[in-house]
Amino acid sequence: MDYHRSTSVDEALPEPQGYARASAAAGPAPMEAEAFHAASERILRAINTVIDGKADAAKLALTVLLAQGHLLLEDVPGVGKTLLAKTLARTIDCTVSRIQFTPDLLPSDVTGVSIYNQASRTFEFRPGAVFANIVIGDEINRASAKTQSALLECMEEHQVTVDGKSYKLDEPFMVVATQNPIEMEGTYPLPEAQRDRFMARISMGYPDHEAELEMLETHQATSPLTRVTAVVTADEVASMIAAVQQVYVSQSIKEYTVSLGRATRESAMLRLGASPRSMLQLLRAAKATAALEGRDFVLPDDVVSVAEAVLAHRIILDRKAASTGETPQSVIRAILAKVPVGQESSPALFRGARDNGRGRAAAQQSGRPAGR
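Residues numbered from 1 in each chain as written. Predicted model: local features only at pLDDT ≥ 70, side-chain atom pairs only at ≥ 80, totals over all residues. Heavy atoms only, no water.

This part takes up the overall build of the chain. Looking only at helices and strands, the chain has 16 helices and 13 strands in total. The 372 residues of the chain split such that 48% are buried. The long-range fraction of contacts in the chain, counting pairs at least 24 apart against all pairs at least 6 apart in sequence, stands at 78%. Total accessible area computed for the chain in this model is approximately 18800 Å², and 51% of it derives from carbon and sulfur atoms. (Helix = DSSP H or I, 4+ residues; strand = E, 2+ residues; numbered from the N terminus. Buried < 20%, exposed > 50% of the residue type's maximum accessible area, 1.4 Å probe, protein only. Contact = heavy atoms within 4.5 Å. Areas by Shrake-Rupley, 256 points an atom, 1.4 Å probe, with all protein chains shown as cover.)

Here is the structure:
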């Protein structure tokens, strides 16, 4: 079944300043709270009709989308990694492409290539599969390191550079990649730089008894994916992202986030701690979590709820810690239990800090002194 909305070559040819159909001059207006809640519920409901018993994975996938991140789905074959990626893509009325990563896949297959036109005697750029709002990279760790690296610029800078010319990607832009454990045949481990560009990693796991029975009942004749239709538009997703960006973060939450990152770098059990980029992405994921919970300010629980998914795939265990049975997940949980949260721990205090912060910002913009 072809679920892609393809883009014509003529439409995809770059303008002098790069490739972009949407104007970047004015960003979308933030979505109102009620509309945000309704849209997120529609997306989650559509995903949960296809993926049985994985509501937490569905919510985390939506969190990453709204936080402008990229998602890595890692687990053994046959547990629904690609199905989750496809379902998330189908709930949004936007352009979608899928890349099946294989050992013979070339970087130009991902980014695009310049082709000589004999009629016009000029080189014309033909965009690759990465030119879409949502890019599904299936079994990403089966491609060579050279091909994997073709995604580095796309994921970080939302642009592609071919033959010395840069082409902007459409917004919103998200890469949803699946991979099998590196112990399996035919896999190449993702380099640290590639893993660090994924905001979060989800391990699907096997379904429970009831969910697996439900799957046998509903997935035999046809896939429930065929019944999934778009429930939001790309513009609505952009407005939801803008609303997430407006979520307030207090100073103590920022200090708590930095403390978590420094704790990973100072841990004797880790050879490589969390990067500064991961701290930015942890805070963005916490803001998206708060918005999905109906709040316009971040609590420590929001940071804690996404810390393992955001940080565990970025750290590398020390050999001694690995030999004693420690895992990245267990180290992150130990750090979360050890690092103090701070004084602002109640919703009332965070709400007051949020209002005071906005009052000071408004005072600075108007030039008047902030009231006490």
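Now, onward.
Here we take up the sheet that holds strand β6 (residues 134-138). Strands sit in the order β3-β6-β9-β1-β10 across an open sheet of five strands; the sheet is parallel. Both outer strands of the open sheet, β3 (96-100) and β10 (200-202), are each paired with one neighbouring strand and no more. Within the sheet, the average angular offset between the axes of one strand and its neighbour, ignoring direction, is 15°. Both strand β1 (residues 71-74) and β10 contribute to a ladder of three bridges, which runs parallel. Within the sheet, the bridge partner assigned to L72 lies in β10 and is R201. Where helix α3 (residues 55-66) meets the sheet, its contacts fall on β1, β9 (174-179) and β10, and the angle it forms with β10 comes to roughly 160°. (Pairing = 2+ DSSP bridges. Axes fitted to C-alpha atoms, helices over the stretch in contact; angles between N-to-C directions.)

Considering all chains together, one arrives at one cavity of 30 Å³ or more under this definition. What lines the largest cavity is simply V64, L65, Q68, G69, H158, E171, P172, F173, M174 and I241. Here the lining of the largest cavity is built from residues that sort into six nonpolar, three polar and one charged. (1 Å grid on protein atoms, 1.4 Å probe; cavity = no way out; pocket = protein on both sides within 12 Å on 5 of 7 lines; lining within 4 Å. Points joined across faces, edges and corners; volume = space filled by probe spheres on them. Nonpolar A, V, L, I, M, F, W, Y, C, P; charged D, E, K, R; others polar.)

The subject of this paragraph is a nonpolar patch on the surface. On the surface, a nonpolar cluster with roughly 250 Å² of combined accessible area is contributed by L213, M215 and L216. Relative to the helices and strands, L213 resides in helix α9 (residues 209-218). Classification of L213 by relative accessible area gives partly exposed; the value is 45%. (Patch = residues over 30% accessible without salt bridge, like charges linked within 9 Å, V, L, I, M, F, W, Y side chains within 5 Å. Salt bridge = Lys/Arg side-chain N within 4 Å of Asp/Glu carboxyl O.)

Attention shifts here to the pattern of salt bridges. Overall, the coordinates contain eleven salt bridges when judged by the stated rule. The salt bridge involving R201 is made with E74; its shortest N-O contact spans 3.5 Å. Taken as a pair, R201 in strand β10 and E74 in strand β1 lie far apart in primary sequence, 127 residues in all. Residue R295 is joined to D302 by a salt bridge in which the shortest nitrogen-to-oxygen separation is 2.8 Å. Taken as a pair, R295 and D302 share a single burial class, namely buried. Taken together, the salt bridges that share partners define one network made up of E156, D196, R277 and R314.

Turning next to the pairing of β1. Every regular strand shows the same layout, with side chains that alternate between the two sheet faces. Where β1 meets β9, four bridges bridge the pair, whose relative direction is parallel. By the bridge assignment for β9, L71 is matched with V176.

Another aspect to go through is the side chain of T111. The residue T111 is located in helix α5 (residues 107-111) in this model. When its relative accessible area of 12% is taken as the criterion, T111 is described as buried. Setting aside residues up to four positions removed in sequence, T111 forms contacts with F125, P127, G128, V130, F131, A150, C154, V160 and V162.

A few words on the nonpolar core. By size, the foremost hydrophobic cluster in this structure holds 75 residues, and its most contacted members are F36, L66, L71 and L282. No other element matches the nine residues that helix α12 (residues 276-292) contributes to this core. Aside from chain neighbours lying at most four places away, what touches L71 is A61, V64, M174, V175, V176, A177, F198, A200 and I202. In terms of nonpolar packing, the next biggest core, distinct from the first, is built from 25 residues, F125, I140, A150 and Y167 among them. (Core = buried A, V, L, I, M, F, W, Y, C linked by side-chain atoms within 4.5 Å.)

With that settled, the discussion passes to α12. Look at α12: 25 Å from first C-alpha to last across 17 residues, which is about the 24 Å you get at 1.5 Å a residue. The element α12 is extensively covered by neighbouring structure, given that 13 of its 17 residues are classed as buried. G294 sits one or two positions beyond α12 and adopts a positive phi of about 90°. (Expected span 1.5 Å × (residues − 1).)

The element β6 is extensively covered by neighbouring structure, given that five of its five residues are classed as buried. Here β6 shows a buried face lined by I134, I136 and D138 and a second buried face lined by V135 and G137. Where β3 lies against β6, five bridges are found, and the strand directions are parallel. For I99, the partnering residue across the bridge sits in β6 and is G137.

On to the packing of aromatic side chains. This structure, assessed with the given rule, holds three aromatic pairs. Summarising the aromatic geometry, the rings of F125 and F131 are spaced 5.7 Å apart at their centres and angled 70° between planes, so their arrangement reads as edge-to-face. Residue F125 is classed as buried on the basis of its relative accessible area of 3%. Relative accessible area serves as the criterion here: at 9%, F131 is assigned to the buried category. Through successive ring pairs, a cluster of aromatic residues spans F125, F131 and Y167. Seen from the ring of F297, R295 lies directly overhead, with NZ or CZ sitting 5.9 Å from the centre. (Phe/Tyr/Trp six-rings, centres within 6.5 Å; stacked < 30°, edge-to-face > 60°. Lys NZ or Arg CZ within 6 Å of the ring centre and 35° of its normal.)

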